[in-house]
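# Coordinate analysis (summary)
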Amino acid sequence: MPAVIEPSASIVSRGGATVCDGCKPPAKLLRWAYALAGVATTGGWATMVYTTIRDNQPAGAMMPSWQHPVFARIGAMSAAPIILGSFASLATTCNESNAESWEELGSSSPSFRRQNLALATAGAASCLWVRFADVVTKIPGTNPVASHQSYNGIMQSRLIGAYGSAGLLGALVWARCLPEDSRNPLTWPKRIGDGVSKAIVSIAPKDVNDPVQVKYSLITASMLIFTGMQTVCNMPIAVIPSWTSRRLSRAFPIWTFLGAVTAFDLKEATENGKILVDKNYRYLSNGIKGFGVTYMGARALSYFDPSFPAHFTVVNQVPGLAVAAMLMIGLTLRSDEK
């Protein structure tokens, strides 16, 4: 009698779609996908920074000194370590995973699904900014209407392609790694809302005597506040913490949002004793620290700009907020050792 071969994966149909519940995720392939997406996203942001913070944006608008755009670009590129840290963390999780199913991969690290969802959100928001850059960076009172940036043609397509592919990767992996009972898209808004609500009320550290927990708790709260200020507030408040006036102040909150998610993951990792042990959290931690080093370095360099402080008119209107932001971002420089 011939032997009966049992299938290693359960194939079922839900809503007309065939799903392989036990299929092993292509972890190594995902590792390279995250690496490429991280490079593409960072390259897209670097392109936006370079092409927006420069002379003749719009035509005739000249920088007061050659140092002014250079130091402003360095400050805006402080987002790059956060971006790279997030993608590197996900790539590391995939590389070290022996998961036999997508759900197991999603549960391999508490931050895995959250980081994927955050990157999906950041990718979608970046695509929208690129598409409507002329509206977002419009200069009030100009006639005819002028903007600091307006992408079209090949440049717009490339940027949307870079951000969109990274965001799509995060969204697809997040959805695929959900528990079996949460794969109905109609349940996702509730799941996301419940998760965000739980995270917000969990920002406070479990142990206020643990300085590392306190550090990441404060960074999470600060990053969320920065994101809100830059997204919904008018100038001059929205210029903090990016110092980029109307050029990129509405794009920078995309990355302070990612920074808030990353800091929250690190707070939880500290509470669970994993922050100094798991490699993926080291990448997240280095991303936050790299953000702080680059940001604070750019602010220090501003004092060597001949146009400072006369041509920092928007920042000069909110000196208290500028100092407060630097103090909070300065927390990123503290070691993760207790």
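Residues numbered from 1 in each chain as written. Predicted model: local features only at pLDDT ≥ 70, side-chain atom pairs only at ≥ 80, totals over all residues. Heavy atoms only, no water.

All right, on to the layout of surface pockets then. Empty space among the atoms becomes apparent when a probe as large as a water molecule is rolled across them. Its volume calculated, the largest pocket comes out at about 1,000 Å³. As for the largest pocket, its lining consists of 31 residues, of which Arg-114, Gly-195, Val-196, Ala-199 and Phe-264 are closest to the centre. Mapped by element, the contributors of at least two residues to the lining of the largest pocket are helix H5 (112–131), helix H8 (188–200), helix H9 (211–232) and helix H11 (252–271). Sort the elements by how many residues they give to the lining of the largest pocket and H8 lands first, with 8 residues. In the lining of the largest pocket, the residues fall into 14 nonpolar, 8 polar and 9 charged. Here the second largest pocket defines a volume of roughly 380 Å³. Taken together, 20 residues make up the lining of the second largest pocket; nearest its centre are His-68, Trp-243, Ser-245, Arg-247 and His-311. Counting residues per element, the ones that place at least two in the lining of the second largest pocket are helix H2 (67–76), helix H10 (245–248), helix H12 (279–302) and helix H13 (313–316). A breakdown of the residues in the lining of the second largest pocket according to their chemical character gives 11 nonpolar, 7 polar and 2 charged. (1 Å grid on protein atoms, 1.4 Å probe; cavity = no way out; pocket = protein on both sides within 12 Å on 5 of 7 lines; lining within 4 Å. Points joined across faces, edges and corners; volume = space filled by probe spheres on them. Helix = DSSP H or I, 4+ residues; strand = E, 2+ residues; numbered from the N terminus. Nonpolar A, V, L, I, M, F, W, Y, C, P; charged D, E, K, R; others polar.)

This part is about the packing of helix H3 (residues 79–96) against H11. It is the contact of H3 with H11, at a shortest axis distance of 10 Å, that shows an interaxial angle of 50 degrees. The angle between H3 and H11 falls in the class oblique. Our pair here, H3 against H11, has a crossing hand that is left-handed. Contact with H3, carried on its side by Ala-79, Ile-82, Ile-83 and Ser-86, involves Phe-252, Trp-255, Leu-258, Gly-259 and Thr-262 of H11 and no other residues of that element. Its residues placed into classes, the contact of H3 with H11 shows 6 nonpolar, 3 polar and no charged. (Axes fitted to C-alpha atoms, helices over the stretch in contact; angles between N-to-C directions. Parallel < 35°, antiparallel > 145°, perpendicular 65-115°, else oblique. Left-handed = near helix turned anticlockwise from the far one by under 90°. Contact = heavy atoms within 4.5 Å.)

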